[in-house]
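Given next are the chains, with one letter for each unit.
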Amino acid sequence: MLTVAIQMDPIERIDITGDSTFALALEAQSRGHSLLYYGPRELTFRDGVITARTRPLSVRNVKGDHFAFGASSVFDLSRADVVLMRQDPPFDMAYITSTHILERLQPGTLVVNDPVHVRNAPEKLFVTEFKAFMPPTLITSDREEIRSFRAEHRDIILKPLYGNGGVGVFRVKEDDENLGALLEMFTQFYREPVIVQRYVPEVRKGDKRIILVDGAFAGAINRVPASGEARSNMHVGGKPEPTTLTRREEEICAALAPELKRRGLIFTGIDVIGGYLTEINVTSPTGIQEVKRFGGQDIARLIWDAIEQRCGRRKS
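Quick caveat, the model's predicted, so the values are computed rather than measured.

**A look at the packing of aromatic side chains**
Given two aromatic rings, their pairing is described by the distance between the two centres and the angle made by the two planes.
Next up, step 1: What the rule picks out here adds up to seven aromatic pairs.
Next up, step 2: Seen from their ring centres, Tyr37 and Phe69 are 5.0 Å apart, and the 35 degrees between their planes marks the pair as tilted. Of the two residues, Tyr37 is situated in strand 2 (residues 34–38) and Phe69 in strand 5 (residues 67–69); the sequence distance between them amounts to 32 residues.
Next up, step 3: A relative accessible area of 29% means that Phe69 is categorised as partly exposed.
Next up, step 4: Taken together, the ring pairs in this structure connect Tyr37, Phe67 and Phe69 into an aromatic cluster.

**As for helix 1 (residues 20–30)**
Next up, step 1: Within helix 1, eight of the 11 residues are buried, leaving the element largely enclosed by the surrounding structure.
Next up, step 2: Those residues of helix 1 that fall on the buried side of the exposure criterion are Ser20, Thr21, Phe22, Ala23, Leu24, Ala25, Glu27 and Ala28.
Next up, step 3: The N-cap residue of helix 1 is Asp19: its side-chain oxygen and the backbone nitrogen of Thr21 are 3.0 Å apart.
Next up, step 4: Gly32 occupies a position one or two residues after helix 1 and carries a positive phi of about 90 degrees.

**Remarks on the packing of helix 5 (residues 143–153) against helix 6 (residues 179–189)**
Next up, step 1: The interhelical angle for the contact between helix 5 and helix 6, taken along N-to-C directions, is 140 degrees, at an axis separation of 11 Å. What the angle tells us is that helix 5 and helix 6 run oblique. Crossing hand, helix 5 versus helix 6: right-handed. Packed against helix 5, whose contacting residues are Arg143, Ile146, Arg147 and Arg150, the element helix 6 presents Leu179, Gly180, Leu183, Glu184 and Thr187 at the interface.
Next up, step 2: Among the residues forming the contact of helix 5 with helix 6, the class breakdown is three nonpolar, two polar and four charged.

**Notes on the nonpolar core**
Next up, step 1: With 39 residues, the main nonpolar core has Leu77, Val83, Leu102, Ile270, Leu277 and Ile280 as its most contacted residues.
Next up, step 2: If you list the elements that add at least two residues to this core, you get strand 2, strand 4 (49–59), strand 7 (82–85), helix 2 (93–102), strand 13 (207–213), helix 7 (247–262), strand 16 (267–273) and strand 17 (276–281).
Next up, step 3: Sequence-distant contacts of Ile280, defined by excluding residues within four places in its chain, comprise Glu123, Phe126, Val127, Phe130, Leu256, Leu260, Thr268, Gly269 and Ile270.
Next up, step 4: Among the nonpolar cores identified, the runner-up in size contains 34 residues, and Leu2, Phe22, Ile221 and Trp304 belong to it.

**Focus: the side chain of Asn222**
Next up, step 1: Tracing the backbone through its elements, the reader meets Asn222 in strand 14 (residues 216–224).
Next up, step 2: What makes Asn222 buried here is its relative accessible area of 7%.
Next up, step 3: Looking at Asn222, its side chain comes within polar contact range of the main-chain oxygen of Lys205, at 2.8 Å.
Next up, step 4: Those residues within four positions of Asn222 in sequence are excluded, and the remaining contacts are Lys205, Gly206, Asp207, Lys208, Lys239, Pro240, Glu241 and Thr243.

**Overview of the environment of Gln289**
Next up, step 1: Locating Gln289 in the fold gives a position in helix 8 (residues 288–293).
Next up, step 2: Taking the C-alpha atoms as reference points, Gln289 and Phe22, 267 residues apart in sequence, are found 9.5 Å from one another.
Next up, step 3: Beyond its immediate stretch of four places on either side in the chain, Gln289 contacts Ile16, Thr17, Gly18, Asp19 and Ala23.
Next up, step 4: Within the structure, the side chain of Gln289 is placed 2.8 Å from the backbone oxygen of Asp19, a separation counted as a polar contact.

**Topic: the sheet that holds strand 15 (residues 239–242)**
Next up, step 1: Ordered in space as 15-14-13-16-17, the five strands form an open sheet in which the pairing is antiparallel. Bordering the open sheet on either side are strand 15 and strand 17, each of which pairs with just one other strand. Each adjacent strand pair in this sheet contributes to an overall mean axis angle of 30 degrees, direction not counted.
Next up, step 2: Direction of pairing for strand 16 relative to strand 17: antiparallel, over a ladder of five bridges. For Val272, the partnering residue across the bridge sits in strand 17 and is Leu277.
Next up, step 3: Relative to strand 13, helix 9 (residues 299–311) is tilted by about 35 degrees, and along the sheet it contacts strand 13, strand 14 and strand 16.

Definitions and limits used
Residues numbered from 1 in each chain as written. Predicted model: local features only at pLDDT ≥ 70, side-chain atom pairs only at ≥ 80, totals over all residues. Heavy atoms only, no water. Phe/Tyr/Trp six-rings, centres within 6.5 Å; stacked < 30°, edge-to-face > 60°. Helix = DSSP H or I, 4+ residues; strand = E, 2+ residues; numbered from the N terminus. Buried < 20%, exposed > 50% of the residue type's maximum accessible area, 1.4 Å probe, protein only. Polar contact = N/O pair within 3.5 Å; in protein donor to acceptor, adjacent residues only side chain to side chain. Axes fitted to C-alpha atoms, helices over the stretch in contact; angles between N-to-C directions. Parallel < 35°, antiparallel > 145°, perpendicular 65-115°, else oblique. Left-handed = near helix turned anticlockwise from the far one by under 90°. Contact = heavy atoms within 4.5 Å. Nonpolar A, V, L, I, M, F, W, Y, C, P; charged D, E, K, R; others polar. Core = buried A, V, L, I, M, F, W, Y, C linked by side-chain atoms within 4.5 Å. Pairing = 2+ DSSP bridges.

Spelled out as structure tokens, the structure:
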């Protein structure tokens, strides 16, 4: 039996029909592992010791009654076998601070995903290491560079460099007069550069989420944007549907696999539109419940197989 501490957002707010952390907790519990729950703000570093105010957690697949807590106590996280770092972005300084603290638990405690490489592989920057598979991309705060990029490609996507879930994503066509106002808004709300990409029209056919476990392909879903919507994220109405991989997508997975394994990124979700790799999600990937719902593999089981193997305690 493993002691598993889960650092996540408020469990009472999750949608258990689609939440990947909930699926991982259910699978861990089914294997007899002991679960502890805490939020990012309950993480403490004091005199070289990393603790969290945790509560024993039990989960059940009952909507509206999906969890129960035991009494809270301060727990030394070095006593945990596994810490699942599963809070959602934004990938801000609070998130980065958590990675700095949690990395001190290793190698005695396995942190999934490896916090060092989570910190060094933000979704929209890590992907630039595989530029052969990317659409034309610009990362800058320079408004004239952005205007020049639109003049060249005519139809572009603007999005926050460290955002998630489709929040703050805008399509700006050649004749759109709102570009200046959008750039003012980005400057006002974000200190970081903006990421700009050539619009890929194939997104109307779907944005494919491909899940890799320890670098190996585990499953995929296609997310089709709602009518009148440029974004395909399920948070904003994207409709999931079953899918298979193209040869190009198999090439992308094969190119990424060695680097994902090297970095200890056990659970990764990549996004591909029209054969172009747009993001590599390593902070809190999702999609495993949708893959299973459409008849694919039980990815929660694959992830725990990989974790147990890393811990040297694969269940017989």
